[in-house]
Amino acid sequence: MIIEMEKNATREEIKDVINVVINDFKFEAQVNTGEERTVIAVLGSNTGDIDTQSFEVLSGVERVVRIQRPFKLASRDFKPENTIVKIDNIEIGGKELIIMAGPCSVESEEQIIGCAFAAKKSGAKVLRGGAFKPRTSPFAFQGLKEEGLKFLFKAGLEAELLIVTEVVSSQDVELVASYADILQIGARNMQNYQLLEAVGKSKKPVLLKRGLSATIEEWLMAADYILRGNGEPKVILCNRGIRTFDNFTRFTYDVGILPGVRHLTHLPIITDPSHAAGNYRYVPDFAKMAVVGGADGLIVEIHPNPKKAMSDGAQSLTFSDFSLLMEELKKIAEVVGRKI
Ligand code: PEP
Ligand code: MN
């Protein structure tokens, strides 16, 4: 349930309510200090047993409502205003569309530095690249691991780009967080709850991909796992295609969820057109659809020589195709009231 404080509730009143939630009722409290008012989420498995009046009577409380949806901290009931995730000088979820680009896997220092400068030149703000790769086959390239993180870090520094990279195991969170600005949770790990808790505790911004066959509710509950440890909301959602009966494209492109998800959650949403398409020919159009559909940004795979890529070459754009796409996206962004 959530406790909405009165607009002019004092700090003391807010503290008293939190105290009652935690110490008298033994629930968890998460606070959203909004522009309008403060909202306190009361979290626990048995909040349903408690009468809302227990909190309504407290001084400074405007009203108490039960959150009907299974996800809580990610919901607009808890935080009505859009969340903007600020990292250094970029804002994800603001007017500017944030483009993240880079190879599927970091393969060498030269490759990632080449990608970084190509991404930067075209207007990307974040460099992607996998160092720990969750591969479907155990025999496929698993990534350069810490060496890859070092190359990625160097490339980001030289090209002045932020870094997003995937973390696949709770044990690696600290290591990956020491190199990356944003931790990526891949589709295959969306329901790895220990990993979600670990990245939440790291307090780093997290890019949370939608699971291959996860419902929207499951995805937003996964976000709750991270937000619970985050303190302040630093989760960026990412749709990347889902598995259906149809294998015409690598995954079925779930771009149609964007308006509905925006209605349900305050979190920013970016789109990955590359993994949905699975084929470089479709990636530019998929990217454009996401911008028109209201995505707050994109994450796109690029490679200096896609035919030689160690993973996902078929869906990777060449530097020149990426540059062309960015020019087109800049025009489309303007039409929908955004900018790149
Ligand atoms: C990736 O970003 O390279 C990746 C493995 O993505 P996903 O988790 O969406 O498959
Ligand atoms: Mn990939």
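Residues numbered from 1 in each chain as written. Chains lettered and ligands numbered in written order. Predicted model: local features only at pLDDT ≥ 70, side-chain atom pairs only at ≥ 80, totals over all residues. Heavy atoms only, no water.

Some words on the layout of surface pockets
Item 1. For the largest pocket, the calculated volume is near 360 Å³.
Item 2. Lining the largest pocket are 17 residues, and of these Leu43, Gly44, Pro70, Lys72 and Asp224 lie nearest its centre.
Item 3. Of all the elements in the fold, those that place two or more residues in the lining of the largest pocket are strand E3 (38–43) and helix H7 (216–230).
Item 4. Sort the elements by how many residues they give to the lining of the largest pocket and H7 lands first, with four residues. (1 Å grid on protein atoms, 1.4 Å probe; cavity = no way out; pocket = protein on both sides within 12 Å on 5 of 7 lines; lining within 4 Å. Points joined across faces, edges and corners; volume = space filled by probe spheres on them. Helix = DSSP H or I, 4+ residues; strand = E, 2+ residues; numbered from the N terminus.)

Some remarks on the packing of aromatic side chains
Item 1. In total, this model carries seven aromatic pairs according to the counting rule given.
Item 2. On the numbers, 4.5 Å between centres and 25° between planes, the contact of Tyr193 with Tyr225 is stacked. Note that Tyr193 is positioned in helix H6 (residues 193–201) and Tyr225 in helix H7, a separation of 32 residues in sequence.
Item 3. Aromatic rings pair up to connect Phe248, Tyr253, Tyr282 and Phe286 into one cluster.
Item 4. The side chain of Arg240 reaches across the aromatic face of Phe251, ending 4.2 Å from its centre. (Phe/Tyr/Trp six-rings, centres within 6.5 Å; stacked < 30°, edge-to-face > 60°. Lys NZ or Arg CZ within 6 Å of the ring centre and 35° of its normal.)

Examining the side chain of Thr165
Item 1. Inspection of the secondary structure puts Thr165 in strand E9 (residues 162–166).
Item 2. At a separation of 2.6 Å, a polar atom in the side chain of Thr165 contacts the main-chain carbonyl oxygen of Gly129.
Item 3. Apart from the residues lying within four places of it in its own chain, the contact partners of Thr165 are Gly129, Gly130, Ala131, Leu149, Leu152, Val176, Ala180, Ile182, Leu183 and Gln184. (Polar contact = N/O pair within 3.5 Å; in protein donor to acceptor, adjacent residues only side chain to side chain. Contact = heavy atoms within 4.5 Å.)

Let's talk about the domain arrangement of the chain
Item 1. If you check the domain split of the chain, you get domain 1 (2–65) and domain 2 (85–335).
Item 2. The C-alpha-based centres of domain 1 and domain 2 are spaced at 36 Å. (Domains from an automatic or database assignment.)

Here's the deal with the packing of helix H10 (residues 283–293) against helix H11 (residues 319–335)
Item 1. Between H10 and H11, whose axes approach to 10 Å, the crossing angle comes to 20°. If you check the angle between H10 and H11, you find them roughly parallel. By crossing handedness, the relation of H10 to H11 is classed as right-handed. Across the interface between the two elements, Pro284, Ala287, Lys288, Val291 and Val292 of H10 pack against Leu325, Glu328, Leu329, Ile332 and Ala333 of H11.
Item 2. Among the residues forming the contact of H10 with H11, the class breakdown is eight nonpolar, no polar and two charged. (Axes fitted to C-alpha atoms, helices over the stretch in contact; angles between N-to-C directions. Parallel < 35°, antiparallel > 145°, perpendicular 65-115°, else oblique. Left-handed = near helix turned anticlockwise from the far one by under 90°. Nonpolar A, V, L, I, M, F, W, Y, C, P; charged D, E, K, R; others polar.)

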